[in-house]
Amino acid sequence: MRTLVKTFAAAALIAVSTFAMAAEGPGAKATKASVNLSTADFALAHYVAVTTEGESAGVEQLFAEDFSQKIQSSNAQSNSRTGVVKLLKKQKGEKLNCTVSTDILEESSDYMVAKVTLKFDNFTKTDLVTLERVGNDWKVSKSINSYK
């Protein structure tokens, strides 16, 4: 009799947990964090947080579909949106040991060009960032990096 009671209790527990998981719906845990990109300033601040502070929330949301990155150095490189997003996700939580400054070079109602300077101990990275309004949000559409 005890075995029968234990079997029914285990079956009930399995049924309850199955219903609880089903109530969450498929992909409930896979929802992506949404960030506020309603202004160019918010988008630029989030870009700086993503690239220097290891912020990973809303990385896909931040970059335009046609985003491109160019790295100016002796061995010039170009990176696509997919490659940059993948790299930034790997760097989740990693903070760069540098001083960051931003200057807005040009701004209109649908477009912004900003200069983000990262000053490290032995070198300086300059990132010219282009942001564009896409619908109601601002997205980073281009990044050009140089090192000194």
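- An unreviewed UniProt entry annotates the chain as Lumazine-binding originating from Sphingobacterium zeae.

## Considerations on the sheet that holds strand S4 (residues 111-119)
Right, on to step 1. Reading across from one edge, S2-S1-S6-S5-S4-S3 is the order of the 6 strands in this open sheet, with mixed pairing throughout. A strand with exactly one partner marks an edge of an open sheet, and here the two such strands are strand S2 (77-80) and strand S3 (99-107). Pairs of neighbouring strands in the sheet enclose a mean axial angle of 20°, with direction left out of account.
Right, on to step 2. Note that strand S5 (residues 124-134) and strand S6 (residues 137-147) share 10 bridges and pair antiparallel. Looking at the pairing, Arg-133 lines up with Trp-138 of S6.
Right, on to step 3. Along the sheet face, helix H2 (residues 40-52) touches strand S1 (63-72), S3, S4, S5 and S6 and points at about 30° away from the line of S4.
Right, on to step 4. The strands that helix H4 (residues 81-90) touches are S1 and S2; relative to S1, the one it contacts most, it runs at about 80°.

## Regarding the pairing of S2
Right, on to step 1. Relative to S2, S1 is paired through 4 bridges, and the arrangement is antiparallel. Note on S2: the bridge partner recorded for Ile-71 is Gln-77.
Right, on to step 2. Between S1 and the antiparallel strand that follows it, S2, lie 4 residues.

The rules behind the values
Residues numbered from 1 in each chain as written. Predicted model: local features only at pLDDT ≥ 70, side-chain atom pairs only at ≥ 80, totals over all residues. Heavy atoms only, no water. Pairing = 2+ DSSP bridges. Helix = DSSP H or I, 4+ residues; strand = E, 2+ residues; numbered from the N terminus. Axes fitted to C-alpha atoms, helices over the stretch in contact; angles between N-to-C directions. Contact = heavy atoms within 4.5 Å.

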